[in-house]
Amino acid sequence: MTLTGALLAIPVNTWYTRISYCFSTLPRMAAVALQVGLSQAIFTPFFLIAFFGVQGTLEGRTMQEIKEKIVGTGSRAWRDGLVLWPAVSTVNFALVPLEYRALVGGVASLGWNTWLSYLNSRAGKVVAMEEEEVVVVAGGAPVVELKVGAAAVATPA
């Protein structure tokens, strides 16, 4: 997780710095609303793809496995991020001086990255097994794998 944070620190700092200068001609709260919205729409998906990509690479996963993890876990992580990041970003852009914004984001990221690591570790693990049925967690949502002869069929639970 430390390596992931180190690799993503520069893009995070660059994002906070650059977006802080955007919309300076608009009224303050309108600018904050646009900054928060753009952060959620543009930066968050980039960050999640980078996070799960770096984690998957460090775990020795193939590109296909990494892609499956991003698709399976990314949407859950993005939805979960909608609980935390709009509030953090609003306070950050509206009240925190520019030189401290990366620090505030970094403090919030400690808990957030712990949650992402938890989601990352849960994806694809077998959580229950019954006779001919295996329940697999994919991106936080259970997927039931029904074994039919030698083949396995995965269906959302």
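Owing to the predicted nature of the structure, the values given are computational and were not obtained by experimental measurement. (Residues numbered from 1 in each chain as written. Predicted model: local features only at pLDDT ≥ 70, side-chain atom pairs only at ≥ 80, totals over all residues. Heavy atoms only, no water.)

## Quick notes on the pattern of salt bridges
Opposite charge on two side chains lets them pair, provided their charged atoms get close. Throughout the structure, instances matching the rule amount to three salt bridges. In this structure, E59 engages R61 in a salt bridge whose closest nitrogen and oxygen atoms are separated by 2.6 Å. Under the relative-accessibility criterion, E59 is labelled partly exposed at 39%. For R61, a relative accessible area of 31% gives the class partly exposed. Taking the shortest distance from any N to any O, the salt bridge between R76 and D80 comes out at 3.0 Å. In this pair, R76 and D80 are both assigned in helix 3 (residues 63-95), four residues apart and thus about one turn of the helix distant. Under the relative-accessibility criterion, D80 is labelled buried at 18%. One continuous salt-bridge network, built from bridges that share partners, spans E59, R61 and K69. (Salt bridge = Lys/Arg side-chain N within 4 Å of Asp/Glu carboxyl O. Buried < 20%, exposed > 50% of the residue type's maximum accessible area, 1.4 Å probe, protein only. Helix = DSSP H or I, 4+ residues; strand = E, 2+ residues; numbered from the N terminus.)

## A short note on a nonpolar patch on the surface
A cluster of nonpolar side chains, namely Y100, L103 and V107, defines an oily patch on the protein surface of about 320 Å² accessible area. By secondary structure assignment, the location of Y100 is in helix 4 (residues 98-122). (Patch = residues over 30% accessible without salt bridge, like charges linked within 9 Å, V, L, I, M, F, W, Y side chains within 5 Å. Areas by Shrake-Rupley, 256 points an atom, 1.4 Å probe, with all protein chains shown as cover.)

## Observations concerning the confidence of the model for the protein
On average, residues of the protein score 78 in pLDDT, and 74% of them reach the 70 mark or higher. With pLDDT under 50 throughout, residues 126-134 is counted as low confidence; its partners more than four residues away or in other chains account for 19 contacts. Confidence over residues 144-157 falls short of pLDDT 50; this stretch has 28 contacts with residues more than four positions distant or in other chains. (pLDDT = per-residue confidence, 0-100. Contact = heavy atoms within 4.5 Å.)

## Details of empty space enclosed by the protein
Under the defined criterion, the tally for this structure stands at one cavity of 30 Å³ or more. Roughly 210 Å³ of volume is contained in the largest cavity. Top element by residues in the lining of the largest cavity is helix 2 (residues 28-58). It accounts for six residues. Per-class residue counts for the lining of the largest cavity are eight nonpolar, six polar and no charged. (1 Å grid on protein atoms, 1.4 Å probe; cavity = no way out; pocket = protein on both sides within 12 Å on 5 of 7 lines; lining within 4 Å. Points joined across faces, edges and corners; volume = space filled by probe spheres on them. Nonpolar A, V, L, I, M, F, W, Y, C, P; charged D, E, K, R; others polar.)

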